[in-house]
Amino acid sequence: MELLPAAWREVIRPHLDPDVVGALGAFVDEEYRTQEVYPPLPDLFQAFRLCSPDDARVLILGQDPYHKKGQAHGLSFSVRAGVPVPPSLRSVFKELREDLGGEPRTGGDLSDWAAQGVLLLNAVLTVRGGAPASHAGRGWEHFTDAAIRALDAKRSRVVFVLWGSYARKKAALVTAPQHVILEAGHPSPMNPKGFLGSRPFSQVDKALADAGLPPIRWS
């Protein structure tokens, strides 16, 4: 918790079980000490550093970080500049281009989205190299559910973007009527139906505009 920005600690802590967080912290410490774990420890809470709770107006929820070396850097779906764009993110960019037009994105770093109030959150924040979902069920879900509950407690609108069956289960955590939930299939190429054609970006911008909030500069 000491690595988490102070503003996020304040809003998340009321939703946390200290025993679960303590066990999670011990597990993550040991994994970073003894295994190849992604993202690198300095990037663990990058999503929270780039998007404060006051600024957050969109949540895009992923499942767990990329498990190949050099990909994960603490933002869901994002990779650093110069890293080849993974297949799921290529699908996201294809849908963005068909939804809004404009210049196509050529790099996979989504930090500019985060800087505009898009919390790019994975439900599980760490993974062993080469072992997808290896840190699932260890307590991260409790922690990131607390972050979702903290966003639900905001008085201003937050648009929750939930792609795929895993993310869509989190809709139950969003209860305040001022918020908007947008659901679609996962952008993985293994899921040819349900994402392409869902037009999430224009829907996000409309939901923000309806609440008097500026749109996101997606392209």
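Chains are numbered independently. Their residues run from 1 in the order of the written sequence. This being a predicted model, a pLDDT of at least 70 is required before a residue's local features are given, and a value of 80 or more before pairs of side-chain atoms are given or counted; all residues contribute to the totals for chains, interfaces and linings. The side-chain quantities take in all heavy atoms of the structure and omit both hydrogens and water.

**Quick notes on the pairing of strand β3 (residues 118-122)**
Throughout this description, buried means an accessible area under 20% of the type-specific maximum (1.4 Å probe, protein chains only), exposed means over 50%, and partly exposed covers the range between. A run of H or I in DSSP counts as a helix once it spans at least four residues, and a run of E counts as a strand once it spans at least two, with each numbered from the N terminus. Across the five residues that make up β3, a large majority, five, are buried. What you see with β3 is no split at all: V118, L120 and N122 on one side and L119 and L121 on the other are buried throughout. Criterion used throughout: strands pair if DSSP finds at least two bridges between them. Sheet topology places strand β2 (residues 58-62) next to β3; five bridges connect them, and they run parallel. Residue pairing in the sheet places V58 in a bridge with V118 of β3.

**Some words on the packing of helix α2 (residues 18-34) against helix α6 (residues 140-152)**
Helix-helix packing is described using two parameters, namely the angle between the two axes and the distance between the axes. Contact pair α2 / α6: the axes reach a minimum separation of 9 Å and the direction vectors enclose 125°. Classified by the angle between their axes, α2 and α6 sit oblique to one another. For the pair α2 and α6, the crossing hand works out as left-handed. Here V20, V21, L24 and V28 of α2 lie close against α6, whose contacting residues are W140, H142 and F143. Axis definition: a line fit to C-alpha positions, over the contact stretch in the case of helices; interaxial angles, taken between N-to-C directions, run 0 to 180 degrees. Relative orientations are named as follows: roughly parallel for angles under 35 degrees, roughly antiparallel for angles over 145 degrees, roughly perpendicular for angles from 65 to 115 degrees, and oblique for any other angle. Put simply, a crossing is left-handed when the front helix is turned counterclockwise from the back one by less than a right angle, and right-handed when it is turned clockwise. Residues count as neighbours in contact if any of their non-hydrogen atoms are within 4.5 Å of one another.

**Digging into the pattern of salt bridges**
What makes a salt bridge here is a side-chain nitrogen of Lys or Arg within 4 Å of a carboxyl oxygen of Asp or Glu, nothing more. Per the counting criterion, the structure on display carries eight salt bridges. Across the pair R80 and D43 runs a salt bridge whose closest N-O atoms are separated by 2.4 Å. Taken together, the residues span a long stretch of sequence, with R80 in the loop between β2 and α4 (87-100) and D43 in the loop between β1 (37-38) and α3 (46-50) at a distance of 37 residues. Of the charged contacts, one joins E183 and R168 as a salt bridge, the two residues approaching to 2.8 Å between their closest N and O atoms. Of the two residues, E183 sits in strand β6 (residues 180-184) while R168 sits in helix α7 (residues 165-168), which places them 15 residues apart along the sequence.

**Some words on the UniProt feature "active site" (unreviewed entry) in the protein chain**
UniProt positions are given in the numbering used here, feature names are shortened, and annotations may be inferred rather than shown by experiment. According to UniProt, the feature "active site" (unreviewed entry) maps to D64 in the numbering used here. Of note, D64 is situated in the loop between β2 and α4. With residues near it in sequence (within four places) discarded, D64 still touches N122, V124, V127, P132 and A133. A polar contact of 2.7 Å, which involves the side chain of D64, links it to the backbone nitrogen of A133. A 3.5 Å cut-off defines polar contacts: any pair of N or O atoms within that distance qualifies, except that in protein one atom must be a possible hydrogen donor and the other a possible acceptor, and neighbouring residues in sequence count only when both atoms are side-chain atoms.

**Digging into the side chain of S198**
Structurally, S198 can be placed in the loop between β6 and α8 (200-210). Classification of S198 by relative accessible area gives buried; the value is 18%. At a separation of 2.7 Å, a polar atom in the side chain of S198 contacts the main-chain carbonyl oxygen of F195. Not counting the four nearest positions on each side in its chain, S198 is found in contact with E95, A184 and Q203.

**Here we look at the environment of V28**
Position of V28 among the secondary structure elements: in helix α2. With 97 residues separating them in the primary sequence, V28 and L125 have C-alpha atoms 9.9 Å apart. With residues near it in sequence (within four places) discarded, V28 still touches T126 and W140.

**Let's talk about the sheet that holds β3**
In spatial order, the strands read β3-β2-β5-β6; together these four strands make up an open sheet with parallel pairing. With partners counted over all chains shown, the strands left at the sheet margins are β3 and β6, one partner each. Pairs of neighbouring strands in the sheet enclose a mean axial angle of 20°, with direction left out of account. Sheet topology note: the β2/strand β5 (residues 159-163) ladder contains four bridges and is parallel. Bridge assignment links L61 to a residue of β5, and that residue is L162. Contacting β2, β3 and β5, α6 crosses the sheet at an angle of about 155° to β3.

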